[in-house]
Amino acid sequence: MTSQATRAGLLAGNTLWSLAGFAVPTLVALVSTPLYLSYLGDRTFGLWTLCIAILAFTGILNLSLGEATTALVAGARGGGDAAVPPGLALTRIVTSASLVFTVLALLATLIMVVLAEPIAVHLLKLRGDEAELAVRALRLVSIGVLPTVLFTVASGVFEGLNRFRASQLLVMGRAVTALIVGWLALAIGSGFIGLVVATVAVTWATAIVGLVSVARELQPVKWDQLDFLPTSRRLLGFGMYSSVTSAGTLAIGQLDKLVVGSVLGLEAVASYALAQALASKVHQVAIAAGRVLMPHFASGDRNDDARQFPTAWRASLLFSAGVVTLAAAVGPVFLPAWVGAARAEAASGIFAWLLAAYGLHALNVVPYYYLTGRSRPDVVAAATLVGGGSMLVLLLILTPHWHLHGAGLAALCYPLGCLVLAWKAAELANGGASPGPVLRGMLPGLPSLLGVHALIGLAGIATGAVALRLGVGAWVGTVLSLGVAGAGIVVGHRAFAGRDAPYFGASEALFARLLRRPRPGSAARGQT
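Residues numbered from 1 in each chain as written. Predicted model: local features only at pLDDT ≥ 70, side-chain atom pairs only at ≥ 80, totals over all residues. Heavy atoms only, no water.

Observations regarding the overall build of the protein chain
When you go through the protein chain residue by residue, the secondary structure sums to 22 helices and zero strands. By sequence separation, contacts in the protein chain at least 24 residues apart represent 83% of the contacts at least 6 residues apart. Within the structure as shown, the protein chain displays about 22300 Å² of accessible surface, and the carbon and sulfur contribution to it stands at 68%. (Helix = DSSP H or I, 4+ residues; strand = E, 2+ residues; numbered from the N terminus. Contact = heavy atoms within 4.5 Å. Areas by Shrake-Rupley, 256 points an atom, 1.4 Å probe, with all protein chains shown as cover.)

Quick look at the structure:
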């Protein structure tokens, strides 16, 4: 009992830290977006967005070794190799990952320096001073590739050790520091290039802090004890599949903006990026809540998957439905409060499409982390390749004719293509047998859940529309919409909690069952 209670407390604490690590950068992004827009203007802000997207795109070159590092560290912590002490195994993993990451990061830097001018001139079709500015910015951004991927090593190690507090403090510190330093750079008149330099400097500083923190966890070993080649092969074996996953993931997060920019121009990128910045929070908060499960599954008992996986998935679906409902309710009134009426009008059309896409994609979070934790990156890679590839093809076909609406329709292909993850995860959780029993267990109460949340979302949207019509202001309308939707979720869940509708049970109870932690009073009820 004590062990289960300890594991439950650890999972709950990690979840809270992971959500905090999502919330703080989200708030920073909400603050920085209108701030940067006011200093840079729409076209330069679009260029800034593309620079960040291209930096993220180079992350494919690290072969997703961050997740591989987390999985290997979690396996070592769980006693995966009885012949190797956990301390020695951790040192081997960190050393190998750092060396491999460094080589790949230097390769990515070289590629970015060489391709900066072709990207600016041929892909983005920029000319004159604007093209020169873009080339300078991209080459400066390339200096941030190495610290970006090394930061991933530090985060992956701490998450593999189930110490999400350390990893999320690094994430939050980087976000807040980048906002402060970036604002100071703009305030003193250094302009767009100053913002890029400030961001790269913060990236280097936080990566160094992360690596120093990880180094304190390692034990001194001799060079011949590092076992570099075998450990690197394990990392690369996992990472080769995960690199495909990264490519597919970048399709909906970064590469889509490059296609929109190439076809529709920088102003369209700004509108698309604003809508995506808000809609993507639905998926990101699901990731923040679900990522703690990956090291849990990597080091846990596989014989209990038939109970643990569907329970975690049900909790994730319940959580995601609430987040989608809140986002749908406040989005139409929050956008003008956030970036102004004119920019909000340009972004509002694509917002609904992207919210639907990211809401659907939230369903794939728990299957993704379950399959990754159970060392099945091949399944994840195949699904994301299908989803991401389909999305990019449709982007190129639909965007020239339907503009941002075409881009939104194409975005729906990614989560739909990735739904195969749920089928494969349910099959694996059921011991390789038919996934039918696990999937059928998700159906009871699902129509009620979707129906109630749809009505709540519509009520929130109507509240915001009435508030704007009455002229009370966009910020007041946002608060009213959020209040109505939040109260509706609470009332709706309480109304259905006592019926045969498992989705409306308390999330605390769902996570309690996940870890075999009895609900308060359950023993007493069993004795009556």
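Thoughts on the environment of methionine 112
Considering the arrangement of structural elements, one finds methionine 112 in helix α3 (residues 86-123). Measuring from C-alpha to C-alpha, the distance between methionine 112 and arginine 139 comes to 6.6 Å, with 27 residues separating the pair along the chain.

Some remarks on the pattern of salt bridges
If you walk through the whole model with that rule in mind, you get three salt bridges. Across the pair arginine 43 and glutamate 130 runs a salt bridge whose closest N-O atoms are separated by 2.8 Å. Placement of the pair is arginine 43 in helix α1 (residues 2-57) and glutamate 130 in helix α4 (residues 128-142), with a sequence separation of 87 residues. Glutamate 130 sits in the partly exposed class, given a relative accessible area of 25%. Ionic pairing is found between arginine 43 and glutamate 267, a salt bridge with its closest N-O pair at 3.1 Å. Placement of the pair is arginine 43 in helix α1 and glutamate 267 in helix α9 (residues 266-279), with a sequence separation of 224 residues. Exposure remark for arginine 43: the relative accessible area of 31% places this residue in the partly exposed category. We classify glutamate 267 as partly exposed; its relative accessible area is 39%. One salt-bridge network, held together by shared partners, links Arg43, Glu130 and Glu267. (Salt bridge = Lys/Arg side-chain N within 4 Å of Asp/Glu carboxyl O. Buried < 20%, exposed > 50% of the residue type's maximum accessible area, 1.4 Å probe, protein only.)

Some points on the packing of helix α12 (residues 305-339) against helix α14 (residues 365-373)
Orientation of α12 relative to α14, taken along the N-to-C sense of each, is 145°, at an axis distance of 9 Å. The segment α12 lies against α14, with Asp305, Phe309, Ala312, Trp313 and Ser316 engaging Val366, Pro367 and Tyr370. Class assignment of the residues belonging to the contact of α12 with α14 gives a composition of six nonpolar, one polar and one charged. (Axes fitted to C-alpha atoms, helices over the stretch in contact; angles between N-to-C directions. Nonpolar A, V, L, I, M, F, W, Y, C, P; charged D, E, K, R; others polar.)

Notes on the packing of aromatic side chains
Any aromatic ring pair is given by two values, namely how distant the centres are and how the planes are angled relative to each other. Under the definition given, this model contains seven aromatic pairs. Considering the side-chain rings of tyrosine 36 and tryptophan 48, the 6.0 Å spacing of their centres and the 90° angle between planes classify their relative orientation as edge-to-face. Considered together, tyrosine 36 and tryptophan 48 belong to a single accessibility category, that of buried residues. Centre to centre, the rings of phenylalanine 334 and tryptophan 338 are 5.7 Å apart; their planes meet at 20°, and the pair counts as stacked. Of the two residues, phenylalanine 334 and tryptophan 338 are both situated in helix α12; the distance of four residues between them amounts to about one turn of the helix. Judged by relative accessible area, phenylalanine 334 falls into the buried class, the value being 10%. Exposure remark for tryptophan 338: the relative accessible area of 6% places this residue in the buried category. Every member of this aromatic cluster is reached through a ring pair, and the members are Tyr36, Trp48 and Phe192. We note arginine 174 situated over the ring of phenylalanine 151; from NZ or CZ to the ring centre the distance is 3.9 Å. (Phe/Tyr/Trp six-rings, centres within 6.5 Å; stacked < 30°, edge-to-face > 60°. Lys NZ or Arg CZ within 6 Å of the ring centre and 35° of its normal.)

Topic: the confidence of the model for the protein chain
Per-residue confidence for the protein chain gives a mean pLDDT of 79, with 83% of residues at or over 70. At the low end of the mean pLDDT range in the protein chain sits helix α22 (residues 522-527), at 35; at the high end sits helix α6 (residues 164-187), at 90. When the criterion is pLDDT under 50, residues 510-528 qualifies, and its contacts beyond four places in sequence or with other chains add up to 31 contacts. (pLDDT = per-residue confidence, 0-100.)

A closer look at the nonpolar core
Ranked by size, the top nonpolar core spans 131 residues in total, and within it Tyr36, Trp48, Phe192, Tyr272, Phe309, Leu354 and Leu421 carry the most contacts. Sorting elements by how many residues they give to this core places α12 first, with 13 residues. Those residues in contact with tryptophan 48 that sit more than four places away from it in its chain are Tyr36, Leu40, Phe192, Leu195, Val196 and Thr199. Within the second largest apolar cluster, six residues are counted, among which are Ala329, Val330, Ile456 and Ala485. (Core = buried A, V, L, I, M, F, W, Y, C linked by side-chain atoms within 4.5 Å.)

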